[in-house]
Structure formats: C-alpha cells, structure tokens
Amino acid sequence: MITALVLALVDFIVELQVLPSLYRGIPLPFPETSKPIGNALFSVTSLHITLIAVNIFVLIVVLKRVGYVGSSIPSRKGDWLDLFAFLAFALSGLVMWFSPVFMLPFISAGIYLILTDMR
C-alpha cells in the first residue's frame, strides 16, 4: 500500500513537471479548427503510458523482493524482455516529441511487441 502511494505521489510530481514542457508553444485552449489535435495529445498519451509502465515495473520488482509468487510476476527472460520492450516503446514515444530520431526505437519496439504476441 505504501509503495502504491509513493508511486502515485511521484507520478503526480512528474506530471506537473513534464506537462508544461510538452505544451510549450501550443496555444491553450486549443483553437477551434477542422484539424485534429492528435499531435499534441500523442506526447501526453506517451507520458501516461510511460508512467504506467514504470509503475508496473516497480510494483513487480517490489512484489518479487517481498517474495510474492503469482502468475502476474514475470519468471522467464522473455517475459522481462517484453516488459522492457513495452517500456522502451512508451519512453521513445515520449522522447520522440523532442527528437524525431526516437521514431526508430518506437517502431522497433512496436514491431517486437506485435511479433512476440503472435507466437
């Protein structure tokens, strides 16, 4: 319970610090146009997915350290690799907002996750 509260507090602080840098240069509220605002929402969605992925990773590590045994805890190296690929996917989606070169790890991690899901 304490871990979840600490993670929620850290997520709140990270969101307060990062969101202004993601919306810098974008007029708020959004101007009314016929164009979608998906580009502005992509980075915020990636931020939230990254926070969720980091929270899952931290909770798994804490549960494993405490000695919890369950089917939700990754046991094979492939499961851990899938988790790291999901974290790379989310993080590169966020960093792509600042540097387009991170589109390559974003696409690579996405392809890896799709291919591992097909096996």
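What you see is a predicted model, and the numbers here were worked out from it, not measured in a lab.

Novice: What is the right way to read the overall build of the protein from this model?
Specialist: Within the protein, the secondary structure is distributed over four helices and zero strands. Each helix and strand of the protein, placed in order from N terminus to C terminus, yields the pattern α-α-α-α. Here the protein, with 119 residues, has 24% of them falling under the buried criterion. Nonlocal contacts in the protein, meaning residues at least 24 apart in sequence, comprise 63% of its contacts between residues at least 6 apart. When the accessible surface of the protein is split by element, carbon and sulfur atoms take 73% of a total near 8500 Å².

Novice: Can you help me understand helix H3 (residues 77–95) in this one?
Specialist: Since one α-helical turn is 3.6 residues long, residues separated by three or four positions face the same way. Over its 19 residues, H3 runs 26 Å from end to end, which matches the ideal 27 Å to within 8%, given 1.5 Å per residue. Where H3 is concerned, the buried positions are Trp 80, Leu 83, Ala 85, Ala 90, Ser 92, Gly 93 and Leu 94.

Novice: Just to check I follow, could you spell out the side chain of Asn 55 for this structure?
Specialist: In this fold, Asn 55 is placed in helix H2 (residues 38–66). According to the relative accessible area criterion, Asn 55 is buried, its value standing at 15%. In contact with Asn 55, other than residues within four places in its own chain, are Leu 7 and Asp 11.

Rules used throughout
- Residues numbered from 1 in each chain as written.
- Predicted model: local features only at pLDDT ≥ 70, side-chain atom pairs only at ≥ 80, totals over all residues.
- Heavy atoms only, no water.
- Helix = DSSP H or I, 4+ residues; strand = E, 2+ residues; numbered from the N terminus.
- Buried < 20%, exposed > 50% of the residue type's maximum accessible area, 1.4 Å probe, protein only.
- Contact = heavy atoms within 4.5 Å.
- Areas by Shrake-Rupley, 256 points an atom, 1.4 Å probe, with all protein chains shown as cover.
- Expected span 1.5 Å × (residues − 1).

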